[in-house]
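# Inside the fold
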Amino acid sequence: MGVAPSKETLVGLSRPELAEKLAALGVPERQHRMRVAQLWSWIYVRGATDFDIMTDIAKELRGQLAEHFALTRPEIVTEQVSVDGTRKWLLRLHDGKEIETVYIPEEGRGTLCISSQIGCTLTCSFCHTGTQRLVRNLTASEIIGQIMLARDRIGDWPGAVPDDPSGLPQGDRKITNVVLMGMGEPLYNFDNVRDACAIVSDGEGLSISKRRITLSTSGIVPEIPRWGEEAGTMLAISLHAVRDELRNELVPINRKWPIKDLLDACRNYPGLSNAKRITFEYVMLKGLNDSVEDAKALVRLLAKIPAKINLIPFNPWPGSPYECSDWEQIEKFAEVVNRAGYASPVRSPRGRDIMAACGQLKSASIKQRASQRLASA
Ligand code: SAH
Ligand code: SF4
């Protein structure tokens, strides 16, 4: 309705995709390698948001680039800052759909929790995102855009000015780790998430190594070996129960791929070793999965797998059907896990006051019916 279509962003594109764009502008093929390397560095090392600063690229080409393309990131709808320093952004994508991204600063490191889908097709009963139907998969560019945007906001580019908008002290402005633990099931958006991880871990670009990228899955068993081979990041498994009967209820995908199949896939995860362990996430639900018996069963179950255990206090959301285990019970549970040799297993909830903690993310985007789409088109 009279709104000019916004220019396509180059942010989040791979090298071959950038070469395609240059070709479309008529840049001769013999120049592609060099021009792509320049763009790559400006975009992913320097965080350029403007073609004008790319002084090693001829002015004429810069002009052409600016005429046809942009370096935009997803647009911030709201930014919330928790009392513990956690930040949550509600981001709007080019089609108006919304996602959430969370930054968690910690002593000496900073973790960015990114989304892979708008909503989720799965319906884990304790997860807020699970109450939002899947709208669509994110593109690789939108997955990377979340990191670019976060770096902008916290001033995590070389040469960023000390009085950047975040007001964070310089040392605290660092995204050292990325976790695919936001909205969505990343293994159901395999190709885009894999392509995004390749760009994020590229040593000449954003340079966040695969050892510092963790993909969390609810257990899409057939995709686990493929992920190990094609992407090779760290892996986290949303286990949450030690018996199929209960896991069927909490993580319904378990009916398709039960605990035994899931753990077999984990045992065979490429590159698994004591230095590269799988994280098992276990949400603490009062009276359901938090007994000392459950804790013992958990360590038995994982006995032969190089593993870390991450106990997550349940984060409530409006209308959630569960309660978080009492702190005393979490401690008892953790003690069993600790004695079995797993260090500091409890994840401290971050950003609860702004609904930024695990499982609290949800955006208002809803899936339009085909008929509505047709009507508005
Ligand atoms: N879909 C993927 C990744 C996103 S969820 C997955 O399920 O693994 C990230 C983690 O938060 C998962 O371990 C998930 O089980 C957990 N989680 C979901 N809802 C939660 C809640 N309300 N409280 C605590 N953890 C929750
Ligand atoms: Fe989807 Fe993960 Fe939430 Fe389950 S826990 S509904 S897989 S986002």
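Rules behind the numbers
Residues numbered from 1 in each chain as written. Chains lettered and ligands numbered in written order. Predicted model: local features only at pLDDT ≥ 70, side-chain atom pairs only at ≥ 80, totals over all residues. Heavy atoms only, no water. Helix = DSSP H or I, 4+ residues; strand = E, 2+ residues; numbered from the N terminus. Rg over C-alpha atoms; globule rule 2.2 N^0.38 Å. Buried < 20%, exposed > 50% of the residue type's maximum accessible area, 1.4 Å probe, protein only. Areas by Shrake-Rupley, 256 points an atom, 1.4 Å probe, with all protein chains shown as cover. pLDDT = per-residue confidence, 0-100. Contact = heavy atoms within 4.5 Å. Polar contact = N/O pair within 3.5 Å; in protein donor to acceptor, adjacent residues only side chain to side chain. Salt bridge = Lys/Arg side-chain N within 4 Å of Asp/Glu carboxyl O. Near = heavy atom within 4 Å. Domains from an automatic or database assignment. Buried area = accessible area lost by both parts, 1.4 Å probe. Nonpolar A, V, L, I, M, F, W, Y, C, P; charged D, E, K, R; others polar. Axes fitted to C-alpha atoms, helices over the stretch in contact; angles between N-to-C directions. Parallel < 35°, antiparallel > 145°, perpendicular 65-115°, else oblique. Left-handed = near helix turned anticlockwise from the far one by under 90°. Core = buried A, V, L, I, M, F, W, Y, C linked by side-chain atoms within 4.5 Å. Pairing = 2+ DSSP bridges.

Turning our attention to the overall build of the protein chain. For the protein chain, the helix and strand inventory stands at 11 helices and 13 strands. For 377 residues, the compact-globule estimate of 2.2 N^0.38 gives 21 Å, and the C-alpha radius of gyration of the protein chain, at 22 Å, lies within 12% of that figure. Dimensions of the protein chain along its principal axes, counting C-alpha atoms only, are 70 × 50 × 40 Å. When each of the 377 residues of the protein chain is scored for burial, the buried share is 55%. Carbon and sulfur atoms provide 51% of the accessible area of the protein chain, an area that totals close to 17,500 Å².

What follows covers the confidence of the model for the protein chain. Close reading of the predicted structure is inappropriate where its pLDDT is low. Across the protein chain, the average pLDDT comes to 90, with 92% of residues at 70 or higher. Segment residues 368-377 is flagged for pLDDT under 50; beyond a separation of four residues in sequence, or across chains, it makes 2 contacts in the model.

The next subject is the environment of lysine 174. The residue lysine 174 is located in the loop between α4 (140-154) and β9 (177-180) in this model. Placed 66 residues apart in sequence, lysine 174 and glycine 108 show a C-alpha to C-alpha distance of 8.5 Å. Within the structure, lysine 174 has its side chain in polar contact with the side chain of aspartate 156 (distance 2.9 Å).

Before going further, it helps to spend a moment on the pattern of salt bridges. A complete count under the given rule lists 28 salt bridges for this structure. Residue arginine 15 pairs with glutamate 204 through a salt bridge whose shortest N-O separation is 3.1 Å. Residue arginine 15 is found in helix α1 (residues 15-24), and its partner glutamate 204 is found in the loop between α5 (190-200) and β10 (213-217); the two are separated by 189 residues along the sequence. Using a relative accessible area of 30% as the deciding quantity, one classes arginine 15 as partly exposed. You can call glutamate 204 exposed: its relative accessible area is 57%. The structure contains a network of salt bridges with shared partners spanning Asp191, Arg194, Asp195, Glu223, Arg226 and Glu230.

Not every one of the 21 residues close to ligand 1 is listed here, only the nearest: Gly184, Ser216, Ser238, His240 and Asn315. The backbone of glycine 184 places a nitrogen or oxygen atom 2.8 Å from a nitrogen atom of ligand 1. The contact in question runs from an oxygen atom of ligand 1 to an N or O atom on the side chain of serine 238, over 2.6 Å. The fraction of the free accessible surface of ligand 1 (540 Å²) that becomes covered by protein chains is 96%. Put simply, the parts of the chain that give the shell around ligand 1 at least two residues each are β10, β12 (278-284) and β13 (307-313).

Let's shift gears to the domain arrangement of the protein chain. Under the domain assignment, the protein chain is made up of domain 1 (8-70) and domain 2 (78-354). Placing a centre on the C-alpha atoms of domain 1 and another on those of domain 2 gives a separation of 33 Å. In total, domain 1 and domain 2 occlude about 1,000 Å² of area from one another, counting both sides; carbon and sulfur atoms represent 61% of this. One salt bridge connects arginine 15 with aspartate 202, and the closest N-O pair in it is separated by 2.7 Å. At the boundary of domain 1 with domain 2, the tally comes to 3 residue pairs in polar contact (both at pLDDT 80 or more). Broken down by element, the residue count for the side of domain 1 that touches domain 2 peaks at 4 residues, all from helix α2 (residues 32-45). In the side of domain 1 that touches domain 2, the residues fall into 6 nonpolar, 4 polar and 2 charged.

Quick look at the packing of helix α9 (residues 292-301) against helix α10 (residues 327-339) now. Running from amino to carboxyl end, α9 crosses α10 at an angle of 30°, the nearest separation of the two axes being 9 Å. Taken together, the axes of α9 and α10 are roughly parallel relative to one another. In this structure, the crossing between α9 and α10 has a hand that is right-handed. From α9, Val292, Asp294, Ala295, Lys296, Leu298 and Val299 reach across to α10, where they touch Gln329, Lys332, Phe333, Val336 and Val337.

Moving on, we get to unusual backbone geometry. Of note in the backbone geometry, serine 207 takes a positive phi value of approximately 60° without being a glycine. The class for serine 207 is partly exposed, based on a relative accessible area of 41%.

Counting residues in each nonpolar core, the largest one holds 113 residues, and the members touching the most others are Phe126 and Phe280. Broken down by element, this core gets its largest block of residues, 8 residues, from α4. The residues contacting phenylalanine 280, other than those within four sequence positions of it, are Ile237, Leu239, Leu263, Cys266, Leu302, Ile305, Ala307, Lys308, Ile309 and Asn310.

Right, let's get into the sheet that holds strand β3 (residues 75-81). In spatial order, the strands read β3-β4-β5-β6-β9-β10-β11-β12-β13; together these 9 strands make up an open sheet with mixed pairing. Pairing within the sheet leaves two strands with one partner each, and these edge strands are β3 and β13. Each neighbouring strand pair of the sheet contributes to a mean axis angle of 20°, computed without reference to strand direction. In terms of strand pairing, strand β6 (residues 109-113) meets β9 through 3 bridges, oriented parallel. Residue leucine 112 lies in a different strand from β9, and its bridge partner there is valine 178. Contacts from α4 reach β3, β4 (87-92), β5 (98-106), β6 and β9 within the one sheet, and its direction differs from that of β4 by about 125°.

With that settled, the discussion passes to the packing of α5 against helix α6 (residues 223-230). Viewed as axis vectors pointing N to C, α5 and α6 meet at an angle of 25°, and their least axial separation amounts to 11 Å. Classed by the angle they form, the pair α5 and α6 counts as roughly parallel. α5 and α6 meet at a crossing whose hand is right-handed. Judged by residue contacts, Phe190, Asp191, Val193, Arg194 and Cys197 of α5 engage Glu223, Arg226, Trp227 and Glu230 from α6. In terms of residue class, the contact of α5 with α6 is built from 4 nonpolar, no polar and 5 charged.

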